[in-house]
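Residue strings, one per chain:
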Amino acid sequence: MMANKLRVGIVGGTGMVGQRFIQLLDGHPWFEVTAIAASANSAGKTYEEAVSGRWKLSVPIPDAVKNIVVQDASKVEEVAGPVDFVFCAVDMKKDEVKALEESYAKTGTPVVS
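Residues numbered from 1 in each chain as written. Predicted model: local features only at pLDDT ≥ 70, side-chain atom pairs only at ≥ 80, totals over all residues. Heavy atoms only, no water.

So, about the pattern of salt bridges. A complete count under the given rule lists four salt bridges for this structure. The residue Asp-84 makes a salt bridge to Arg-7 at a minimum N-O spacing of 3.0 Å. Residue Asp-84 is located in the loop between α4 (76-80) and β4 (85-88), and its partner Arg-7 is located in strand β1 (residues 6-11); the two are separated by 77 residues in the primary sequence. Taking relative accessible area as the criterion, Asp-84 reaches 30% and is therefore assigned partly exposed. Look at Arg-7 and you get partly exposed, because its relative accessible area is 36%. Between Lys-98 and Glu-102 there is a salt bridge whose closest N-O contact spans 3.7 Å. (Salt bridge = Lys/Arg side-chain N within 4 Å of Asp/Glu carboxyl O. Helix = DSSP H or I, 4+ residues; strand = E, 2+ residues; numbered from the N terminus. Buried < 20%, exposed > 50% of the residue type's maximum accessible area, 1.4 Å probe, protein only.)

Written out as C-alpha cells, the structure is:
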C-alpha cells in the first residue's frame, strides 16, 4: 500500500464515462480523486449538484467526491496544477478531445485518455 495516494483529476467527470471513473476510483489504494472538471455549465457546483438527476450508475455517488467543486475543464492550468495526472473522459469531437488533452499535457501533467 502506498503511503501517499496520487492526486487524480477527472476531466469530463459529470458525463457517463466520468461517472464510471469516479465509481471505479472510489476507495482505490493508489489514487484519490481531488479534482473534477467539466463544462462551464457544471463549474462552480459541487459534484453532487452537478450530476443531480444525471447520475447514471446503480451505486450512489461516492461520499468522497460529493462536495468537490467542479472546475471548468477549459481552465487547464487551474485543473492541472494541484493533481499528479488526469483521466480524460470528455464527450467531444475527436479533434477537440485531442486539443484539450494536448493542452493538459503541455502543463507537464500526464493525461490518461
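The structure having been displayed, the exposition proceeds.
Formed by 21 residues in total, the largest nonpolar core has its most connected members in Ile-10, Ile-22, Val-33, Ile-36, Tyr-47 and Val-65. Ranked by the residues each element gives to this core, the list is headed by strand β2 (residues 31-38), at four residues. Those residues in contact with Val-65 that sit more than four places away from it in its chain are Ile-22, Val-33, Ile-36 and Tyr-47. Ranked by size, the runner-up nonpolar core spans 14 residues in total, among them Val-11, Ala-73, Cys-88 and Val-90. (Core = buried A, V, L, I, M, F, W, Y, C linked by side-chain atoms within 4.5 Å. Contact = heavy atoms within 4.5 Å.)

By volume, the largest pocket amounts to about 280 Å³. In this structure, the largest pocket is lined by 16 residues; those nearest its centre are Gly-12, Ala-38, Ser-39, Val-90 and Asp-91. Taken together, the residues that form the lining of the largest pocket break down as eight nonpolar, five polar and three charged. (1 Å grid on protein atoms, 1.4 Å probe; cavity = no way out; pocket = protein on both sides within 12 Å on 5 of 7 lines; lining within 4 Å. Points joined across faces, edges and corners; volume = space filled by probe spheres on them. Nonpolar A, V, L, I, M, F, W, Y, C, P; charged D, E, K, R; others polar.)

Let us look at the pairing of β4. Along β4, one buried face is formed by Phe-85 and Phe-87 and the opposite face, lined by Val-86 and Cys-88, is buried too. Pairing analysis gives four bridges linking β1 to β4, with the strands arranged parallel. Bridge pairing links Val-8 to Phe-85 in β4. With two bridges connecting them, β4 and strand β5 (residues 111-112) associate as parallel partners. When the bridges of β5 are listed, Phe-87 appears paired with Val-112. Between the parallel pair β4 and β5, the chain is carried across by helix α5 (residues 94-105), and the sense of this crossover is right-handed. (Pairing = 2+ DSSP bridges. Right-handed = clockwise from strand over helix to strand, strands pointing away.)

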